[in-house]
Amino acid sequence: MSTYDAAMAIDPTSLEIRIHPDPVLRRVADPIPAVTDEVRAVARAMVELMRSADGIGLAAPQVGIPWRLFVVDVPPSEKRSPDSDPPTATRGPVIYINPRLTVSGPTAAGEEGCLSLPDIHGDVIRPTIVEIEATDLEGQRFTQRGTGLLGVCWQHENDHLDGVLIIDKMTQLSRLKNRSALRELEREGARRAERDGKRRF
């Protein structure tokens, strides 16, 4: 499957999660000029795909679309709440279009995984307080603050919009632990490309 062209209509039912080393994961995504019915349909399909994969976040480049868009659904738990200050969870899925992040506070290391890097987990050091400004499905800008897993998720998904993966930000020890798994993932990517008979852009 190729990366979607801006002039081509997108079939939301055909979306699939792209796996490293798919080149689309390294492309810097483009701003979305307007919130159209197509954008809404893609965002809703991404929410369903994220849920089916047991994820808490999914960015448009992960489904082959180079748009500045991601979806997040961090469920409440005993340790997470949408009512804490700042919140650490969401009340259901939230769509973020053309997001801008401002980070602050001390940094902390936490284990992260990624739907585009199956079976790879490692510690990433990130700021603990995040403010996000984004556009919703009605075309309105909004601002939220978050910390904990919610703040990490925003930063993780926003990295995808800039072509950055957790393997670029992992601690050195985590990189070493994942080295063989990453090589196998890259070998499998080469085998996929060979089966497709072309590179997947």
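The preceding data block contains the structure.
About the cut-offs
- Residues numbered from 1 in each chain as written.
- Predicted model: local features only at pLDDT ≥ 70, side-chain atom pairs only at ≥ 80, totals over all residues.
- Heavy atoms only, no water.
- Helix = DSSP H or I, 4+ residues; strand = E, 2+ residues; numbered from the N terminus.
- Rg over C-alpha atoms; globule rule 2.2 N^0.38 Å.
- Buried < 20%, exposed > 50% of the residue type's maximum accessible area, 1.4 Å probe, protein only.
- Contact = heavy atoms within 4.5 Å.
- Areas by Shrake-Rupley, 256 points an atom, 1.4 Å probe, with all protein chains shown as cover.
- Lys, Arg positive; Asp, Glu negative; His and termini not counted.
- Charge placed at Lys NZ, Arg CZ, Asp CG, Glu CD.
- Salt bridge = Lys/Arg side-chain N within 4 Å of Asp/Glu carboxyl O.
- Pairing = 2+ DSSP bridges.
- Core = buried A, V, L, I, M, F, W, Y, C linked by side-chain atoms within 4.5 Å.
- Polar contact = N/O pair within 3.5 Å; in protein donor to acceptor, adjacent residues only side chain to side chain.

Visitor: Explain the overall build of the protein chain to me, please; I cannot follow it from the model alone.
Guide: Summing up its helical and strand segments, the protein chain has 5 helices and 5 strands in all. The linear arrangement of helices and strands in the protein chain, starting from the amino end, is α-β-β-β-β-β-α-α-α-α. Scaling as 2.2 N^0.38, a compact globule of 201 residues should have a C-alpha radius of gyration of about 17 Å, and the protein chain matches this with 17 Å. When the 201 residues of the protein chain are sorted by exposure, 45% land in the buried category. Taking the contacts inside the protein chain whose residues are at least 6 apart along the sequence as the reference set, 67% of them involve residues at least 24 apart. Of the roughly 10,300 Å² of accessible surface on the protein chain, 51% is carried by carbon and sulfur atoms. Of the charged side chains in the protein chain, 26 are positive and 30 negative; the average position of the first set lies 5 Å away from that of the second.

Visitor: What's the story with the pattern of salt bridges in this structure? I'm lost.
Guide: Opposite charge on two side chains lets them pair, provided their charged atoms get close. Under the definition given, this model contains 15 salt bridges. One salt bridge connects Lys169 with Asp159, and the closest N-O pair in it is separated by 3.2 Å. Pair noted here: Lys169 is in helix 3 (residues 166-169) and Asp159 is in helix 2 (residues 148-161), with a separation of 10 residues, a long-range link. Across the pair Arg191 and Glu188 runs a salt bridge whose closest N-O atoms are separated by 3.0 Å. Here Arg191 pairs with Glu188, and both are found in helix 5 (residues 179-196), just 3 residues apart, close to one helical turn. For Arg191, a relative accessible area of 36% gives the class partly exposed.

Visitor: What's the story with the pairing of strand 5 (residues 141-147) in this structure? I'm lost.
Guide: On any regular strand, side chains alternate: one points to one face of the sheet, the next to the other face. In terms of strand pairing, strand 4 (residues 121-135) meets strand 5 through 7 bridges, oriented antiparallel. Note on strand 5: the bridge partner recorded for Thr135 is Arg141. Linking strand 4 to strand 5, which pair antiparallel, is a turn of 5 residues; within it Gly139 sits at a positive phi near 85°.

Visitor: Looking at this structure, how should I read the nonpolar core?
Guide: Counting 21 residues, the largest nonpolar core has Leu15, Val42, Met46, Ile65, Trp67, Leu69 and Ile95 as its most contacted members. When residues of this core are traced back to their parent elements, those giving at least two are helix 1 (37-52), strand 2 (69-72) and strand 3 (94-113). In terms of residue count, helix 1 provides more of this core than any other element does, 8 residues in total. Judged by nonpolar contacts, the second largest core, of 16 residues, contains Val130, Phe142, Trp154 and Leu161.

Visitor: Hey, could you run me through the side chain of Thr90 in this one?
Guide: Relative to the elements of secondary structure, Thr90 occurs in the loop between strand 2 and strand 3. Polar contacts involving the side chain of Thr90 include one to the main-chain carbonyl oxygen of Gly92, which spans 2.9 Å. Apart from residues no more than four positions distant in its own chain, Thr90 is found in contact with Val72, Asp73, Val74, Pro76, Pro82 and Leu150.

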